[in-house]
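Below are the chains, spelled out letter by letter.
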Amino acid sequence: MIDATGFRQTAVYIDTRGDEWIDTIDRSGDINREIKLSPEEIIQKCLETGIVGLGGATFPSHVKLTVPAGKRCDLLIINGAECEPYLTSDHRLMLEKGEEILTGTTILMKALRVTKAYIGIENNKKDAIGHITKLAEGFPGITVYALKVKYPQGAEKQLIKALTKREVPSGKLPLDVNAVVHNVGTAFAVYEAVQKNKPLFERVVTITGKSVPKPGNYFVRTGTPVRFLIEAAGGIPENTGKILSGGPMMGKAVSNPDIPVVKGTSGIVLIPADESLRNEMMPCIRCAKCVMACPLHLEPYLLMTLSEKGDFERAGRERITDCMECGSCSYTCPADRPLLDYIRLGKSTVIKMARKQMIK
Amino acid sequence: MSNLLKVSLSPHIHGKETTQKLMFGVVIALIPALLTSIFFFGYGALIVTATSVASCILFEYLIVKFIIKKPLTINDGSALVTGLLLAFNLPSNIPVFIIVIGSFVSVAVAKMTFGGLGNNPFNPALVGRVFMLISFPVQMTSWPVPAGLNTGYTDAVTGATPLAIVKEGLKNGESLSQLMTQIPTPAQMFFGQMGGSMGEIAAMALLLGFIWLLYKKIITWHIPVSILATIVAFTGILWLVNPEKYADPLFHVLAGGILLGAIYMATDYVTSPMNPKAMLIYGCGIGMLTVIIRVWGAYPEGVSFAILIMNAFVPLLNTYIKPKRFGEEVKNG
């Protein structure tokens, strides 16, 4: 079957009859704040229950929790900034499962052996900030910070910068500035895994779009076809032009609604037909808005020109590989230039070139 | 859902900004200055503006239609902006045929020969103006005295600009304190009651436009502020050294075209640098060159030349002055 990335994948169809749960999973609604496992056992649990980063990148959490020798971690950051516009799954989760998230945070702190955790929430979610701040009083070491609303505030490196002023060097990981970032969704999943013994097979998915009759957040099992989800939200509107897996800035346009929800599906966004076509490209007026918009302080106009002309060597020197493909440059360009498309092309070529060099 | 789904690369949404909107934003920012100009120089200001705008648009239309033979570009608004800015750099009594020649140089020579919008290395309006200044020095430097709405067009009474009065006076060995009595007070200059190019006279109107441009995020503060700061600092030092020989910073900022240049000409997207650090250097360069030309050069005013000279450095600045990349300096707080 074809998944969200557009590639054909081997898949198993599960024909479910009824809903049976094994006894080892605690299905009660009670909140259990007492952490019995040791750090090693927590990490082992995350591995067994298949916990991955739920912000979208689905990086295995047990790897992130294992601090390699020689590295030091002194801070856990919980990302409540919502990675993309339109998506509200993290926001909803914080409002409804605040205590579980905070317990999950405490578990993660224990696994990382840190005493400090920051929760960063964007300023437009005043209710979540208030709610979590109040709850956090009962959890030692956890501080909630309100963040400026801007895209991409929820990107790992940007979030670390906003909270700690530390800049993760190019090509390095947050651990290089002694921090580890987990999403609020991950914190919740860790709570369920460790305290309730529940593997990760469900997540919150935002389903939204201007013409969706009943937009909202749904608790969805992985493997559910996206079509089911859209039907639950009132069906596919007549004028739908695009279905996105993920948010409007970095999400992927899917070719059919039968793809399954996976662990990294943070949202499904329906874009109306009249907004799903790009405007015609105009000449670059050198306004520098892309340079001002780039969160990594690259020069998108230059990277596009270099990729277009095939000067990949210089593109590499201009740090094209730092690009995280947030889309801010293409979004902001008044001349509708496809900056990111060309940067992607250049970036992949530069990476290929670097690999070849390594082999030599 | 009758149609197939569309598939494309992210981002899937786009901001509302367009080239056209940016250009019309600049036009709106220029309206206060245009109104002030009409208020002080009468219908001559209107004639000059209309001629300049119409001929700039016409030349671009003709060139695209008959020589380049590509889809028309005149509705992107850039020819309109060039026309307005060119008019703002002219005296309000200049004959129509000179304006048409200047527009031709601006649009045909300085802009379209390089490939049109986005490709010209020098500010088109300034190339046109400097061409006119060198070719028609008399007409380009006989400034009408602001006499209100009834000022005539080509028959207007003319006088010197404050900058020219000071330059001439200093050359003849007069002291500044004497000369200052012959020029308008700072308040008069602030509201635009002085001789000069159509659009440069009213600091107040230009600053209003500046606030609009900043508010609409059409330009950033970097270029205008660095130009003005350099001028104030440079002329300030000179003034402190010898106040009888060098005019004070306030005079330098209010007299002449520095505000028009700093806010509207130097910030031209196409011909200015593309990152904040380079913008600051570019601004400093314009400020320094302006003061050098004004104080020691042959011309009383040097903003146009300063901007054009710094335009030439823009590719160099873009290549060698880079923004500080994210994560370049490792900071561990």
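(A) Looking closely at the overall build of chain A. On a plain count of helices and strands, chain A comes out with 13 helices and nine strands. In terms of C-alpha radius of gyration, chain A reaches 21 Å, essentially the compact-globule figure of 21 Å for 360 residues. By principal-axis analysis of the C-alpha atoms, chain A measures approximately 60 × 50 × 45 Å. Looking at chain A as a whole, 49% of its 360 residues are labelled buried. Put simply, of all contacts in chain A between residues at least 6 apart along the chain, 71% involve residues at least 24 apart.

(B) Up close: the overall build of chain B. Scanning chain B for helices and strands turns up 15 helices and two strands. Expressed along its principal axes, the backbone C-alpha trace of chain B runs to roughly 80 × 60 × 30 Å. The 333 residues of chain B split such that 51% are buried. Look at the contacts in chain B between residues 6 or more apart in sequence, and 72% of them connect residues 24 or more apart.

(C) Summary view of the environment of Thr36 of chain B. Residues and elements named next belong to chain B. Positionally, Thr36 belongs in helix α1 (residues 19-41). The buried category is assigned to Thr36, around which 24 C-beta atoms lie within 10 Å. For the pair Thr36 and Gly192, spaced 156 residues apart in the sequence, the C-alpha separation amounts to 7.2 Å. With residues near it in sequence (within four places) discarded, Thr36 still touches Gly192, Ile201, Ala202 and Ala205.

(D) The arrangement of the interface of chain A and chain B in detail. If you look at the interface, chain A gives 55 residues, while chain B gives 33 residues. Of all elements in the fold, only α6 (156-164), β7 (240-245), β8 (252-254), α9 (289-293), α12 (328-332) and α13 (339-359) of chain A reach the threshold of two or more residues within the side of chain A that touches chain B. Broken down by class, the residue content of the side of chain A that touches chain B amounts to 27 nonpolar, 13 polar and 15 charged.

(E) Structural view of α1 of chain B. Residues and elements named next belong to chain B. Taking 1.5 Å of rise per residue, the 23 residues of α1 would be expected to cover 33 Å, and the 32 Å separating its terminal C-alpha atoms lies within 8% of that figure. Along its length, α1 shows its largest kink, about 35°, at Ile31, and proline Pro32 lies within four residues downstream of that point. Looking one or two places after α1, you find Gly42, whose phi comes out positive at around 70°.

(F) A look at the nonpolar core. Of all hydrophobic cores here, the largest spans 120 residues; its most connected members are Leu339 of chain A together with Leu206 and Ile307 of chain B. With nine residues, α1 of chain B is the largest single contributor of residues to this core. In contact with Leu339 of chain A, other than residues within four places in its own chain, are Cys290, Pro300, Tyr301, Met304, Cys329, Ser330 and Cys333 of chain A. Membership of the second largest hydrophobic core comes to 79 residues, among which are Leu108, Leu112, Leu147 and Leu159 of chain A.

(G) Region of interest: the domain arrangement of chain B. Residues and elements named next belong to chain B. Here chain B is partitioned into domain 1 (19-139) and domain 2 (159-196 + 219-320). The distance between the C-alpha centroids of domain 1 and domain 2 comes to 22 Å. Taken together, the contact pairs 14 residues of domain 1 with 13 residues of domain 2. Within the residue set of the side of domain 1 that touches domain 2, elements represented by two or more residues are α1, α3 (78-88) and α5 (124-135). Ranked by residues supplied to the side of domain 1 that touches domain 2, first place goes to α5 with four residues. Among the residues forming the side of domain 1 that touches domain 2, the class breakdown is nine nonpolar, four polar and one charged.

(H) Local environment of helix α10 (residues 300-309) of chain A. Residues and elements named next belong to chain A. For α10, the buried fraction is high: seven of the ten residues fall into the buried class. Among all positions in α10, only Pro300, Tyr301, Leu302, Leu303, Met304, Leu306 and Ser307 are buried. Where the residues of α10 are buried, they touch α9, α11 (312-317), α12 and α13.

(I) Looking closely at the environment of Val204 of chain A. Residues and elements named next belong to chain A. Mapped onto the elements, Val204 comes out in strand β5 (residues 202-208). Of the residues examined, Val204 has 24 C-beta atoms within 10 Å and is grouped as buried. In this structure the C-alpha to C-alpha distance between Val204 and Thr265, which are 61 residues apart in sequence, comes to 8.6 Å. Beyond its immediate sequence surroundings of up to four residues, Val204 is in contact with Ser89, Arg92, Leu93, Gly185, Asn217 and Phe219.

(J) Geometry of the sheet that holds strand β9 (residues 267-272) of chain A. Residues and elements named next belong to chain A. One open sheet accounts for five strands, arranged β6-β5-β9-β7-β8; its pairing is mixed. Only two strands of the sheet have a single neighbouring strand rather than two, namely β6 (216-221) and β8. In this sheet, neighbouring strand axes are inclined to one another by 30° on average, regardless of whether the strands run parallel or antiparallel. Relative to β6, β5 is paired through six bridges, and the arrangement is antiparallel.

Rules behind the numbers
- Residues numbered from 1 in each chain as written.
- Chains lettered and ligands numbered in written order.
- Predicted model: local features only at pLDDT ≥ 70, side-chain atom pairs only at ≥ 80, totals over all residues.
- Helix = DSSP H or I, 4+ residues; strand = E, 2+ residues; numbered from the N terminus.
- Rg over C-alpha atoms; globule rule 2.2 N^0.38 Å.
- Buried ≥ 20, exposed ≤ 12 C-beta atoms within 10 Å, placed from the backbone.
- Contact = placed C-beta atoms within 7 Å.
- Nonpolar A, V, L, I, M, F, W, Y, C, P; charged D, E, K, R; others polar.
- Expected span 1.5 Å × (residues − 1).
- Bend = angle between axes of the 7 residues up to and from the residue.
- Core = buried A, V, L, I, M, F, W, Y, C linked by C-beta atoms within 7 Å.
- Domains from an automatic or database assignment.
- Pairing = 2+ DSSP bridges.
- Axes fitted to C-alpha atoms, helices over the stretch in contact; angles between N-to-C directions.

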